[in-house]
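Reading the structure
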Amino acid sequence: MRIRANVPGTRSRRAAGAALIAALGLAASACAGGGTTGAASTTSSSPLPTVTGPVTITIADAYTATSSLGKTFSKEISAFEAKNPNITVKSVPEANYGTLETKLKAEVAAGRQPTVGQGYESFVDQLELSGKLVPISTLAGTKSPAELSTFYTGVQKDLYLPDGTLAMWPIGKSLQVVFYNSSMLSAGGLTAATDWNTFATDLEAASKNGVTGITIDPSAQTSGEEWLEELAASDGTAAYGSDGSPQFTSSAMVKALQYLQNLKSKGALATGTNYPGETALGGQKGLADISSSAGYYYENQAVGGKFKLTTTAVPQTDMMAGGNFFVFSSATAQQQAAAWEFLQFVASPAEQAVWSAGTGYLPVTAQALTQSAMSSYLTENPWVSQVVSGLNTAITDPPQQWVDDCGTMLATALQAGLSGTNATSALNTAQTACLQKKQADS
């Protein structure tokens, strides 16, 4: 059985932020705030000095050397070093974000952290609250770096922490997409749905003769919990408020869980583990699979040429994923300056084109779409041009530390609901548990 260590753009369930504080020997003395993007002052600070001599920076990342991610990242590093001969970049990869976070916690506790780390928002929030990071605004000498405005709007928002600190920098993002068996679509007289109600109708219509419309893993973010969140957000209420408070008992969330329960009761939704939707789709036992856009390679591999794979944006509200880079304050001024040079390099349009074509990540800037390095990739994958603008409106979970654990609680509610528990009851249980976690972490 193939075990996928780290699908680009997907999220491994991260450990609670409270565990990070404990590992650092710090007390959680205050809640993360509820600031909005750009809430902090835009006053410029003095820029860092330029790199004046040989300097080495280390980057702890989730790009396994033998994967397409690791191979492409190595090319990016080589290209950067060729243009910056005074700077040496050493990648220290881990197999996935969960393993990476565990290692970084230990290194921070021991005082031997790298120059640059990578991770998701809640992890970065705890590092910033504990004084372990240098803000991007400090690295850039301004809280409004010129490159920032070139990123898709959703990407821009994702780089800020609740207190308004610009703490992260992107390298690539992914969205949820729908992978269809195009032969089943045409045979059933169906077209790719543009709203969730039509999507349900299509799944039901295709569920016959040994075919189940869609199969999900209720415990997995890319095919279970995230879909539940997208359904609720499409109906007007996100899973969390801007301050990280759970909204699991909202009418929209209850309706979302009932939507999935209804599909299951009609035989249009099945559950499984280890990318079951991909397996069912590839085995011609499913009409569609919802997964990360960066997982296209694996979906296509599962299909194996048996039919044409059609890829579209999800019908309505979409969720974005993809870890960001951040810089540790323990780095020397020269290392910080070198790190900022590297972060700007990998997020530039030309390098975003190289990164996207090599890994399957979506570029963080539309300017990458016109770069020569991406030309053939877009010709072979026209769906990328069709879905990438979703990065402007895509949502993410808020970065407060308790949200990770609460995501697990919401997934448990989904599992319970699909196993027969009343939707309202299952979500009430998750809401209560999440509020308790929020109080403990505040």
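As shown above, the structure is provided for reference.
Figured I'd write up the structure that's included with this text. None of these values were measured; they are calculated from a predicted model.

With that out of the way, let us pick up the state of the cysteines. Structurally, a disulfide amounts to a covalent bond that connects the sulfur atoms of two cysteines. With the rule as written, the count across this model stands at one disulfide. Put simply, C406 and C434 are joined by a disulfide, and their sulfur atoms are 2.0 Å apart. Taking the torsion about the sulfur-sulfur bond, which here is approximately 100 degrees, the covalent link between C406 and C434 counts as right-handed. With C406 in helix α17 (residues 403-418) and C434 in helix α18 (residues 423-441), this residue pair connects regions lying 28 residues apart in the sequence.

Topologically, P246 is positioned in the loop between α9 (221-234) and α10 (251-265). Residue P246 is classed as buried on the basis of its relative accessible area of 6%. Distance from P246 to Q431, taken between C-alpha atoms, is 6.4 Å for residues 185 residues apart in sequence. Aside from chain neighbours lying at most four places away, what touches P246 is A239, Y240, Q431, C434, L435 and K438.

Here the focus is the packing of aromatic side chains. All told, the structure shown has 22 aromatic pairs when counted by the stated rule. For the ring pair W169 and W340, a centre distance of 5.0 Å and an interplane angle of 70 degrees mean the geometry is edge-to-face. Of this pair, W169 sits in the loop between α6 (153-158) and β5 (174-181) while W340 sits in helix α13 (residues 333-346), and the two are 171 residues apart along the sequence. For the pair W169 and W340, a shared accessibility class is recorded, and that class is buried. The interplanar angle of 75 degrees and the centroid separation of 5.7 Å between the aromatic rings of W196 and F199 together place this pair among those described as edge-to-face. Within this pair, W196 and its partner F199 are both found in helix α8 (residues 196-206), separated by three residues, close to a single helical turn. For the pair W196 and F199, a shared accessibility class is recorded, and that class is buried. Grouping aromatic residues by their ring pairs yields a cluster made of Y63, F73, F80, F325, F342, F345, W355 and Y361.

The subject of this paragraph is the environment of Q113. Within the fold, Q113 resides in the loop between α3 (97-110) and β3 (116-119). Overall, Q113 belongs to the buried group, its relative accessible area being 16%. As a C-alpha pair, Q113 and T58 span 55 residues in sequence and 9.1 Å in three-dimensional space. The residues touching Q113, leaving out its near neighbours within four places in the chain, are E107, V108, F328 and S330. A distance of 3.2 Å separates polar atoms of two side chains, one belonging to Q113 and the other to S330.

Our focus in this paragraph is the packing of α17 against α18. Following both chains from N to C, one finds α17 and α18 inclined at 165 degrees, their axes separated by 9 Å at the closest point. By the angle between their directions, the pair α17 and α18 is classed as roughly antiparallel. The two elements α17 and α18 meet at a crossing, and its hand is right-handed. Counting all contacts with α17, which are made through D405, C406, M409, L410, A413, A416 and G417, the residues of α18 involved are A426, L427, A430, A433, C434 and K437. Grouping the amino acids of the contact of α17 with α18 by side-chain chemistry returns 10 nonpolar, one polar and two charged.

All right, on to the nonpolar core then. Ranked by internal contacts, the top residues of the largest apolar core, which has 75 residues, are F73, W169, F325 and F342. The leading source of residues in this core is α13, at seven residues. Once residues within four sequence positions are removed from consideration, F325 is found in contact with I59, Y63, F73, V116, G117, Q118, A167, M168, W169, I171, L343 and V346. In terms of nonpolar packing, the next biggest core, distinct from the first, is built from 47 residues, V178, M253, A430 and C434 among them.

Rules used in this analysis
Residues numbered from 1 in each chain as written. Predicted model: local features only at pLDDT ≥ 70, side-chain atom pairs only at ≥ 80, totals over all residues. Heavy atoms only, no water. Disulfide = S-S within 2.5 Å. Helix = DSSP H or I, 4+ residues; strand = E, 2+ residues; numbered from the N terminus. Buried < 20%, exposed > 50% of the residue type's maximum accessible area, 1.4 Å probe, protein only. Contact = heavy atoms within 4.5 Å. Phe/Tyr/Trp six-rings, centres within 6.5 Å; stacked < 30°, edge-to-face > 60°. Polar contact = N/O pair within 3.5 Å; in protein donor to acceptor, adjacent residues only side chain to side chain. Axes fitted to C-alpha atoms, helices over the stretch in contact; angles between N-to-C directions. Parallel < 35°, antiparallel > 145°, perpendicular 65-115°, else oblique. Left-handed = near helix turned anticlockwise from the far one by under 90°. Nonpolar A, V, L, I, M, F, W, Y, C, P; charged D, E, K, R; others polar. Core = buried A, V, L, I, M, F, W, Y, C linked by side-chain atoms within 4.5 Å.

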